[in-house]
Amino acid sequence: MILPLASSIAAAPVRSLAQRQLSMACAQSVEKLHSILEEYRSTNYAQELPNRFRKDIIKAATSTSSRQFTYSATPTKNALVTAEGIENVLKNIGQGHRMSRAEIEFILREVGGASRSGEPESCVISADQMMELMSMRKIA
């Protein structure tokens, strides 16, 4: 079964998540990631706007990821999020044990689609795609 995604963020360079359909397995992994991050947000960012939390998470994920690509102190439209970046964020918030590297890579491959280098699948997504992934509504 394929589920559509809601989108309120500008389209990413490759393809917006709003234009993509995620498989049920990927949608479940996305929901798992979303619930882990939401639990952390409600405890540690309770008085902040959700968008501030998302930007901080993306900044942390891209600063870890950007060492392999290009250094960027703040997330930009060209910033890239890797499985390593998300994995490190989850470890830093004490939730690394709740999601495997394979699950993270599965999400990034399906959401990322074709990479810029012409590979069929990539374990890299843009900061915009990560923002959209974190902003999507709960899957009923």
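As the structure is a computational prediction, the values presented were derived from the model and not from experiment.

A.B. asks: Is there a simple way to explain the packing of aromatic side chains in this structure?
C.D. replies: We describe a pair of aromatic rings using the distance from one ring centre to the other and the angle between the two ring planes. Enumeration according to the criterion identifies three aromatic pairs in this entry. Geometrically, the ring pair formed by Tyr 40 and Tyr 45 is tilted, given 6.4 Å between the ring centres and 50 degrees between the ring planes. Classification of Tyr 45 by relative accessible area gives buried; the value is 18%. Here Tyr 45 and Phe 53 contribute two aromatic rings whose centre-to-centre distance is 5.0 Å and whose plane-to-plane angle is 70 degrees, an arrangement assigned as edge-to-face. Each member of the pair, Tyr 45 as well as Phe 53, carries the same accessibility label: buried. In this structure an aromatic cluster arises from ring pairing among Tyr 40, Tyr 45 and Phe 53.

A.B. asks: Please clarify how helix H4 (residues 101–112) should be interpreted in this entry.
C.D. replies: The α-helix winds at 3.6 residues per turn, so residues separated by three or four positions along the chain end up facing the same way. Taking 1.5 Å of rise per residue, the 12 residues of H4 would be expected to cover 16 Å, and the 16 Å separating its terminal C-alpha atoms lies within 8% of that figure. Along H4, the positions that sit buried rather than exposed are Ile 104, Glu 105, Ile 107, Leu 108, Glu 110, Val 111 and Gly 112. Structurally, H4 contributes buried residues whose contacts are with strand S2 (21–23), helix H1 (24–44), strand S3 (80–82), helix H3 (83–92), strand S4 (124–126) and helix H5 (127–135).

A.B. asks: I'm lost on the pattern of salt bridges in this one. Help?
C.D. replies: Between side chains of opposite charge, a pair can form when the charged atoms approach closely. Tallied over the full model, the rule gives eight salt bridges. Residue Arg 52 pairs with Asp 56 through a salt bridge whose shortest N-O separation is 3.3 Å. Placement of both Arg 52 and Asp 56 in helix H2 (residues 50–65) is noted, with a separation of four residues, approximately one turn of the helix. Salt-bridge contacts for Glu 87 lead to Arg 101; the nearest nitrogen and oxygen are separated by 2.8 Å. With Glu 87 in helix H3 and Arg 101 in helix H4, the pair connects residues that are 14 residues apart, well separated along the chain. For Glu 87, a relative accessible area of 17% gives the class buried. Where salt bridges share partners, they join Glu 87, Arg 101, Glu 105 and Arg 109 into one cluster.

The rules behind these values
Residues numbered from 1 in each chain as written. Predicted model: local features only at pLDDT ≥ 70, side-chain atom pairs only at ≥ 80, totals over all residues. Heavy atoms only, no water. Phe/Tyr/Trp six-rings, centres within 6.5 Å; stacked < 30°, edge-to-face > 60°. Buried < 20%, exposed > 50% of the residue type's maximum accessible area, 1.4 Å probe, protein only. Helix = DSSP H or I, 4+ residues; strand = E, 2+ residues; numbered from the N terminus. Expected span 1.5 Å × (residues − 1). Contact = heavy atoms within 4.5 Å. Salt bridge = Lys/Arg side-chain N within 4 Å of Asp/Glu carboxyl O.

Shape descriptors only; they carry no functional weight alone.
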